[in-house]
Structures are given as structure tokens and as C-alpha cells.
Amino acid sequence: MAYLTDARYKAIGQTVLYIPSEDLSRPVEDMAKDKDLVERLEAAMVHWIRQIKEMLSSLDSIEMPEKAGPLDEIHFWNDRCKDLSGVKVQLDSAVVKKMSDVLEHAKSSYIGRFNRLAHEIQDGSQQAESNKHYLSLLQEPCEELSKSSPDEMAGQLEHVLTLIRVVWNNSPYYNTRERVTGILRRVSTEVINVCQNVISIDDIFNGRCRSSIRTLEQCIDCSMAWKNIYKKTARVHHKMSEQGWVLDVTTIFAELDAFTQRCKDLIEICNSQMYLNRMEDGEQVPLPLFAGARGPEIARSMQELERVFSACLKDIGSNKQIISDNRSTQWLNEFRKFRMRVKDVEVMLTNIIDWSFETVRTVEEGVLLLSCFRRYANREMIRRIFDMKTVQVFEIFADELQAARRELSQKAFRLEPTYPYYAGQAIWAMSLVRRIQMPMQAIQSAPWLPKIGIGDETKEQHRQLSLAAADVITKTHADWSSSVEPCPLQRLDQPLLTKSLERAGCIEPNFDRYLLKLFQEVFYWERLNMEIPPQCHDVFRRREEMRHLREAVGLLCRDFNHIVASLSQDERLLFRDRISFLSRKLAPGFSKLLWTGKGAAEAFIKESRQGAAKVQRIVDHYKLANRQIMEKCMAVAESWLVDIDTNRVYTFTELQETQAEHRKKTLELLKQVQQEIIEILSTMFEYFKNDSQTVIQHWGKYLGRISLALLESIRHNVQKSLTALSKIINVDSKSGSVALLSVKVLLVENKIELEPSVAEMAELFCSYIQLIAAEFESWQHIPGMLGHEDRNPPQATNSIIMTDEDANKVQMAINNGMAVAAVQLQNYLKTWDTFRDIWEMDKDLFIKRYHRMNPTVAAFDSDIARYSEVANNVQMQDTIVGSQFTLLDCAGLKHAIVCHCTEWQEKLTELLRQIASDRLVEVHQYIVDNTAGMKYVPQSLVELQESINLHERLLHERPELEKTFPTTEEQFVVLDKYEVAVDEAVLEDLRRLPPVWEAYCDLLLETADTLEQHKDRFRTGLLADANDLKKNISNFIAEFKQKGPFTDAWEVPAARESIAEYGAQSDVFKEKDLEIKAGLKIFNIEHALSKDLKRFDLDLEAIDSVWALTAEWEQSWSQWKLLKFQELDTIELDSQATSVHKRFTKQLKEFRDNGWDIIEQSKARVDAFRRALPLIMDLKNAALRPRHWEEIRLLIGREFDEKVDLTMTRCSREFDEKDDLTMTRCRREFDEKVDLTMDTIFEWGMDQFADEIHNISQSATKEMTIEKVSRHS
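Residues numbered from 1 in each chain as written. Predicted model: local features only at pLDDT ≥ 70, side-chain atom pairs only at ≥ 80, totals over all residues. Heavy atoms only, no water.

A. Representation of the pairing of strand β6 (residues 751-755). The side-chain alternation of β6 yields one buried face, formed by I752 and L754, and one unburied face, formed by K751, E753 and E755. Looking at chain direction, strand β5 (residues 741-748) and β6 are connected through 5 bridges and run antiparallel. Within β6, the position partnered with V745 by the bridge is L754. Connecting β5 to the next strand, β6, in antiparallel fashion are 2 residues, including E749 with a positive phi near 50°. (Buried < 20%, exposed > 50% of the residue type's maximum accessible area, 1.4 Å probe, protein only. Helix = DSSP H or I, 4+ residues; strand = E, 2+ residues; numbered from the N terminus. Pairing = 2+ DSSP bridges.)

This is the structure in C-alpha cells:
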């Protein structure tokens, strides 16, 4: 138990001494003499000594986790104080002291060691309490320190170090060098822990480099700050304190220094990612865009370099678990490998840079390429190659400056057409300056380029060349100034417009070209910031004015010329009035209006352009309408009237239906297109309807052209449609035939026919142009549809199609192809003439003739063999045969011929067998059937009539039947001779035929006498039965009216049973009446069915419905009467009772004349039940209290017990005890008792006080509600 107790409490960090359950109430001296007790107590004390030794040994050897901070130290001493105090309390307990006294009196050898250990526990408890007390000063600052960030820790660390000095100077136990060094090392560990919490290894290796570098630098700063605070505090302590600061600095900061170096390693990894893998805050910066022919290849090389670096980074990143372990030496090896591989990557990058500059030819390309590699120049090896390539760029710039100097000295300039002569030369010189300026700007825009000696020399050359170009510009300007006219403004005195000499009918601006050149010279010289001659100022000030006016005039000319150029000669006639109107508008611009008259010119231009814009809108609308019409005509031409799928074989009906449907849809589409054209023309005519008669005439011609274009589209459509059909009908020797139509070769009415026939195909294909033309019979021409008179109206559209030469040529080709196809089809059908006799001969007539000829077996055998041979020959013929555009299917014909052959064979064999076998079987069956009929004694009138008819027929048939016997025997002889299979039963019938026939003839004579006797007997019986039936029906109806279940004296089951019995008896009478009627008809005697029986059935059905409703009410009542009043659902009862009451009321109205009391009696019981329901609802209220029942008793003046369970059955029990009552009287008194219970049970006075009882019940409900509210509140 001691070990179990120790193990249990150790698990929760406590030391509990096991106290054995011994009786220690005896005197100590007596217990010391009890050896067994002493042994048990010593065993317990030995376990205590072991526990205490373990506790004391752990007091000096404090084992903390590797990353334990100062808070862990504080928690340790708190737990140690609690544990030692607990043991001290146990040692001071009375039981332990009593056990110690017993063992001390027994002079146990363990008591001395136990007392020494107990004393040590006492000292350890004091030490732990003291350490806990002083270390509690660090509790709150260390908690804040653990929650702070690296940049916040500097000030907190100084405060924590000051408190540690306080503990060191004042604690009696915690002032040793080892413990102070340990607590300071824990502070360093805490600094590492806080820093490691903010360092994300995943962020570092996921590319969040800059943020990670900032974090790592903060951690390094925090570590250095802690060391500086420690050193500063140590110096102050040495200076101000008598106790020296003699601590192991290496132990305190060894792990912190390793952590700082680890942070620097991680910063190097981040820098490598930034410069070699383009990583910025978790995302890879896009790869620089390398220009030039080698750009894509450079990019691929850079991607390969980055892939190598990523593999290197992945390898070192796979060791994340050792990165945070500052004591691990494995990291040093891994990081050394990483540095070596990064150097290899840098060598690759150096080679790429060197290779990429091989194609650099301009300064801009070099600077751009250097900018692409700029981010990599932070690495030392890359920086050297970067400087070399910068020198190469400046050398290219120097060569460019030398080439520009040569061009300037030779003056080999070429002017652009848009530049004036003098200013163009200056601009050329300026372009040289710009040409050398662009490389200079590229260099100046790259201040990050390293400083090198050749750079300054190249810049000086650039400055000197720029000065030389400026001298050339100055000299050219002087030459131009001397060439300017004295008064250039005089050149503005000329008209605005002039007619174009190059384009007939067009106009152009009439502006002097010298002024344009002058404007250009002045404009460019001003841009070059050169002085302008005085005579040019006035004219140049009006440059913008003249430009706007010139542009306005140019726009006017452009508008007018665009209108004229966009119209053909015929269209100009249509727009004649509008062009004349514009010409009149423009007339002042050719003579009166000059370039100097700005206001008048602007008004003229504005007004003229408005007029031109109006005309242009009409022209644009006209052109758009023409394009739309032409598009629609093209749509008409492309919408073919024939749509044949060459990959499909049509049946004739399918071909007709699909093409008719396609023509219908296409014609609807064409009519829709025509209607759209008419709508377009109608809209367009709105612009011309008010023009001159000449324009209207040209509009009519225009409509005619549109109509002809549409007709041409239709004609083209028809021609293309017929051509498509012709290509299929006429077989091309190169492309081969196309199977268009599936034609069945059939045998119809003993003739070989094609389905479809040649005539049907010819009718379809040879008149296809007529089919298409018929679709356009109602087609109208556009001028007529628009109500415009057409002086030369074209023919009707269908006539145009019918008379179209091209279309008729195509139709003729179709006809010729159809004729060839018809000849080939007829030739093919003639190949079947060899089998014509098989189907043309009438089989039935032949078999009849064959029968009359009485053929021999040899004739049968010869004919059957011949038809088998014909069938084989037919099967050898091809089933599917291609002919021109048709695909002949001969399966139907072959099947029909084979069927004919088979039919011939069957008819011949069946003829012989049926004539022999069936005739013999028929004779025997005839004898057997008629013999049984003659021997049968008729039991009814129907059977008597059948016997009479049978006898008469047999007498008539006997002579004819006897004549066939010799012929039948001869047929069986022939069948036996030619081994025709005949049933054994038929042969047996052949042998029995003579004796059977003789017996049959004798029986026929005896049957005549027997039938006369039966006739007399049946006639007399039928008349007697008819009279008896009439009397029985009358008696039956009278009995029903007298004894039927019409009152409530009947029980429901008995009444329903009685009604069923009456109905069954009525059915018997009806069947009997029908039987008599049929029998008398044999003797030609009429008999009418009983009308009284029909009326009886109606009454019986009515009384049955009454008792069915009564049974329904009785069933409901039998269920309710067993329930207590408190259990009754009055709402449901009232609903059901109301429904039954309505149905009884309806029956009472319908059957009032029948005098059936049961309806009124049942209805009365339902009424009584309904009257009792309101009072019961009030009395079964659960809110009624004894005081309320007392009020009711006082109200009616009777005493009763409200707790008695009143049910319907209590009344019935009372009636059961009265033996002298009959069942009817018991039921009546039971109903009265029910009234007493449900309604008149309150004859004590309750029904007279129904309203007062209702008020008492309502008051009880309200009082109960108030009580519930009071209890809840």
C-alpha cells in the first residue's frame, strides 16, 4: 500500500507518507513490546526514509527543461515549497509522532536516521519558503517579459536584472554564484524563447524575406541589448557594491551567442533568396524582361539557375528541426554546404551575364540589361562582372558619339517630307543632338551605375558635340531670315474655294502654298527657340485662325467631295436635286468670300456643312440600304430550294415531304427577305417623295434595278437548286453514282412493280422546275408592291423561271437522266419474266380445277418438285441492286416469289390430305355429335327447341352425306399408295364408317316420335307456372308491407337480415319470370314481366338505406355510452350527431309517404342526444371546485356526489336487472334513462338552471386562470 500511495501522489507532483492503519491507542510502552507492530511500523518508517531522501536529493540537483525560463524556476520553488510544507505537516501529525515514540521506546535503529531527515525537511522547507518569497518579486516582471516582443524587451530586461540583484543581495539561501548564474541563464533562455516565438522558419523558407530579416535583426538587437545591459549592470555593481560580480559569463550567454549567430545565418539565407530567387514577402518577383534575340534564352537560363538554387534551399530547409536547436552542431555542416552551393550558383550567374552582353549594341540595351541584373549585384562575385559590363556600355556610347561627329562635319542630312527646308536642317542637327542625348539620358537615368574613369571622358565628348550642333542650327536660321518676303499677308486676298483640276466635279481649298511653308518654318523655328523676322509675326499670329479656317474649308470640301465620290452616275441623277442645292450653297466661296473675311467665311462654312451633312446622311442611309438589299439578295441566291443529304437514302415519300417542307420554309424565308427589302425601300423613299419629277422617274428606275436584282437572285437560286439535283440524277463517271432514292421491287397483285413507280419518279423529277415555279406563282414584283407604276414591267416570276434558258437546260439534263434511269429500271425488271407463271396463275382456281380433275399421286409429286427448283433459282438473284440514282431492294419480290412457290407446294399437299382425312373425320364427328343430340331428353324449353331444329336438319342432310363415302375411300387408297402420312385415328375411322352409319340412320327414325311427346308436356307446365308465379309475387309483397322492419321494435341486425332475405326472394321471382317468358315464346305465346316486383325492389333499397344509417348511429352510441362524462369530447360528438341528424332529415322528406316510423324514431333519439351536450360540457369543466358544486346543489335543491362516475352503461345495468321487461320495453326505458343521464338526468332541476350552471362554469374557469397567474408571479 505504501508503494501504491507513493506512486499515486507522485503522478500529481506530491509526496505523501503512507500511514498504516494500526491501533495506536494503547500505551507507548505496551506497543513498544509488540514485536509484530514494531516491525510493521519500522517497515513504514523505512519507506518514509526513502521518500524523504529522494526529496532532499532533488533539492540540490534542480533539473529544468532545456528551454526553461525564469518563470519555470519560480514555479519550481513554489511546487517545492508546497511539497516540503506538506511533508512537514505530515511529520508533525500526531499519528507520526506516536509512531516515532513507539519506535524510540523500542530502540529501533531507524528512528535516528528518520529524525535527522525530518530535521533536514524542516531546513529544506524554510529554504524553499525563503526562495519562494524572494523569487516572487520576479513573478510579474517575468510574466510581462514572456508576453513581450523583442523590440519591447530592452527596458523590461533592465528591470528584471535589477530585481535579480535585489534577490542576490538579500536572500539568505538564493545568493550563491551557481543559483544567480542559473537564473541569469534562464533570462537568456527566455530572451531566446521570446525571439524564437516571433521567428517563423516557414516564412523564411517560403520567401517572406524582408519581414523575416526585420524580425531576425530585431532578435539580434534584443540579444545584444541584453548583453549590454548585463555588462553595464556588472560595471555598476563592481563600482557600487562591496560584493563582487563574480559570475560565469560564458555560461550565461553561450546559448544566446549561438542563437545570435543562427539569426545571422538565417539572414544570409533570406538575402540569398532575395537576390538569387527573386523572393519578396512570400511572392516571387516577376523575372526581368530580357530584351533582344537572346531574351527568351536568357530567361530560361535564369530559371534554370533559380531551379538549382531552389534545390539548394530545399535541402537546407529540410533541416528545420535543427534550426531552432542552438546546441546542434549539425547545423554548422549543413550551412557550410549551403554556402558552397550558393557560390556555384553565383558562378552560373556570372556566365549568364557575360553571355547576355555578347549581343548588346546600344547604350540603352546595355543599361536595360544592367538594370535586369542589378538586383544580383549585391553579391561580391556578381559585382565584379557588373563593373566590367558597365565599362562595355560606356565604350558603346563613345563609338556613338564619334559617328555623330562625323555626320555633323559632312552635313549629310536627309529631310522628311513634312519638314520645311531651313527648319528641317536645324531639326536634323537637333536630331543628332537627340540621338546622342538618348544614350546620355539612359546613363543619367541609371544613377546606380558604378563610378568608372571612362564615364567622365565620354560625358565630356557628349558636351562638345552638343555645342557644335548648336552652331549649325544658328547659321541655318540666319539663312532663312534673309529669304522671307517683306509682306506675306497680301497672299490671303483670294477666294476660299476652287474647282479641282484632278478630280472632275470635286472642289478643294484655294489657300496659298507659300504661306503654308512659311507657317511651317516659323512654327519649327519657334519650337527651336530661335528669333522670328518681324514681317512674319503678323501673318504667323493669324496661323491658328487660318488653320481653323483652312481646316473648316477642307472639311467642307471633304464633305462635298465625299458625297460626289460615293455616288455613281446613275445615283447622281437620283440625288440631282440635293447636289444642285449644295452647289448653290457653295457658289459664294468661289468668288466673293476671301481668306481675310473670317466672320462671313465661318458662317458660310457652317451653313454649307449643315446642308452637306443632311445630304450625307441621306446618302449614307441610301448606301446602307443598298448594302442591306444586296446582302438580302445574296441570301436569296444562297437559300437553295433543294436540300438533299447525299449520305442518306430517301424513300419516295420522305423525299417528297422533306423537299416540299424545305421549299415551303425557303419560300417563306424569301418572302420575308422581300418584305424586308420593301420596308427598306419604303423608308428610303421618304427622302425622295417630295423631289422633282425627274428624280421620281429615276427612283422608279432604281426600284426596277432592285427588282431585277432580286429576280436574278431567285433565278440563280433556281439554277443552283436544279444543278444540285441534276448532279445526283445524272451519274458522273468520275465521282460515281449517288444512291438518292430507295426503290422497292415488289410483287403487287401478281405484277412486278416499283415502289415508287417510274412514272411517279418521272413526274417528280421531270417537272421539278414546274414545282419550283409553282411556288412563285403568287410572287409580286417590288415596284408593284410599293405602288409605283412600272412602265416596262417584267414577266411573272414563275414565267421567268419557266422561260429561263439556263434553268431549262438543267431541267433537260434532269429529264435525260430520268429517261436513262427509266430504261435501265425496265431492263432490270425484264430479268424476272422467267418466273412470271409462279405468281400470275390463280392458285385457288388452279387447285379447284386440280380437284375437279382428280389428279393422281404422280401428278402431285411432279408439281411439288418443280416449285422447289424455282424457289432455289429465285434465291440466287441479287437482293440489292444499284441503278443510276436509285437503290433497288428486291427482297420483297424474292420473298413473294418464294412464298408463292411454298404456297403452291402447301396447296397441293394440303389438297390431297384435307380431301381425304378431314372429310372422314368430319363425317365421324357429324355422326357422334348428332347421335348425342338425338338421344338427349330436353329438360327445358330451350333444349326442346334445339332438339326439334336438329332433327329437321339431319333428315335433310342424310342423302347428300351418303353420296360422299365412295369418293372418300378412293382418296385414302391414293394417299396410301403415295405414302402420304395419315393419322392412325383417321384410318380407324375409315374402317368403322359402315356399321356406325347404319346405327345412325335407325336412331334418326326413332327420334321423330320422341319429340312429339316432349312438346305436349312442356306447353301445359309453362302455363301453370305463370299463374302460380303471379299469385306468389302478390302474397310476397303483401307480407313485406305487413311484417317488414319499419319501426324501432326491430333490432338493427335483425332488420338488416330481414331486408336481405326479402331481396334474395325477389331475385328468385325475377329469374323465374324471365324463364317462363322465354319458354312461352317457343310456342308463340307472349308473357309480360311483373311490374309489382320492380316497385318492390325500389322500396326494399330505400328501407335498407334507412336501417344502414340507424346502424351507423347505434354503433357510435355503443362506443360513447361506455365513456365517463369527463372523458367525452363534446365537440366531436356534436359534429357526428349533426351529420347523422341531417341525413335522417333528408330520408324523412324522401320516404314520408311510405309511413316508416323508424326514421322519425331514430331522428328523435339523435335530437335528444344533441340537447344534452351543452350542459355536459359545463359540468365536465375541470375548473369546478367543491364550492362551485355546492352552488349547483343549492341551485337545484338536491344533494348528490359529483365524484361519482356516471356512464351510459349504468342505466343499462339497471334495466338488465328487470327480468319482467321485454326487449323492446327495456330499450325504450334505457333510452329514457339515457335522457336522464345526458339531458333529463337533471330532472333534479339542472336543465331548468342551464344558464346559471353555465355562468358558474365560466366563473370557475376565470378563477382558475387568476390562481395560475398568482402562483407564477
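B. Region of the structure containing a negative patch on the surface. On the surface, E998, D1002, E1006, D1009 and E1012 cluster together into a patch of negative charge. Examined against the element boundaries, E998 turns out to sit in helix α39 (residues 984-1043). (Patch = residues over 30% accessible without salt bridge, like charges linked within 9 Å, V, L, I, M, F, W, Y side chains within 5 Å. Areas by Shrake-Rupley, 256 points an atom, 1.4 Å probe, with all protein chains shown as cover. Salt bridge = Lys/Arg side-chain N within 4 Å of Asp/Glu carboxyl O. Lys, Arg positive; Asp, Glu negative; His and termini not counted. Charge placed at Lys NZ, Arg CZ, Asp CG, Glu CD.)

C. Quick look at the packing of aromatic side chains. In total, this model carries 10 aromatic pairs according to the counting rule given. Ring geometry for F309 and F338: centres 6.3 Å apart, planes at 55°, overall tilted. Of this pair, F309 sits in helix α13 (residues 295-317) while F338 is found in helix α15 (residues 330-356), placing the two residues 29 residues apart along the sequence. A ring pair is formed by W480 and W525, whose centres lie 6.0 Å apart and whose planes are at 25°; its orientation type is stacked. (Phe/Tyr/Trp six-rings, centres within 6.5 Å; stacked < 30°, edge-to-face > 60°.)

D. Highlighting the nonpolar core. With 260 residues, the main nonpolar core has L184, I269, F373, F575, M761, F765 and F885 as its most contacted residues. Apart from the residues lying within four places of it in its own chain, the contact partners of F575 are L567, I618, V619, Y622, M684 and F688. Core analysis: the second largest hydrophobic core is formed by 25 residues, L1029, L1093, I1158 and I1159 among them. (Core = buried A, V, L, I, M, F, W, Y, C linked by side-chain atoms within 4.5 Å. Contact = heavy atoms within 4.5 Å.)

E. Seen up close, helix α44 (residues 1186-1196). Within α44 the residues assigned to the buried category are H1188, W1189, I1192, R1193 and I1196. What you see down the axis of α44 is that its buried residues fit within an arc of 145°, all on one side. Immediately downstream of α44, the backbone of G1197 shows phi near 75°, a positive value. (Arc of directions from axis to C-beta.)

F. The arrangement of the side chain of R715 in detail. Following the sequence through the fold, R715 ends up in helix α27 (residues 693-729). Its relative accessible area of 18% is what places R715 among the buried residues. Separated by 2.4 Å, the side chains of R715 and E712 make a polar contact. What R715 contacts, discounting residues up to four positions off in sequence, is D804 and D806. (Polar contact = N/O pair within 3.5 Å; in protein donor to acceptor, adjacent residues only side chain to side chain.)

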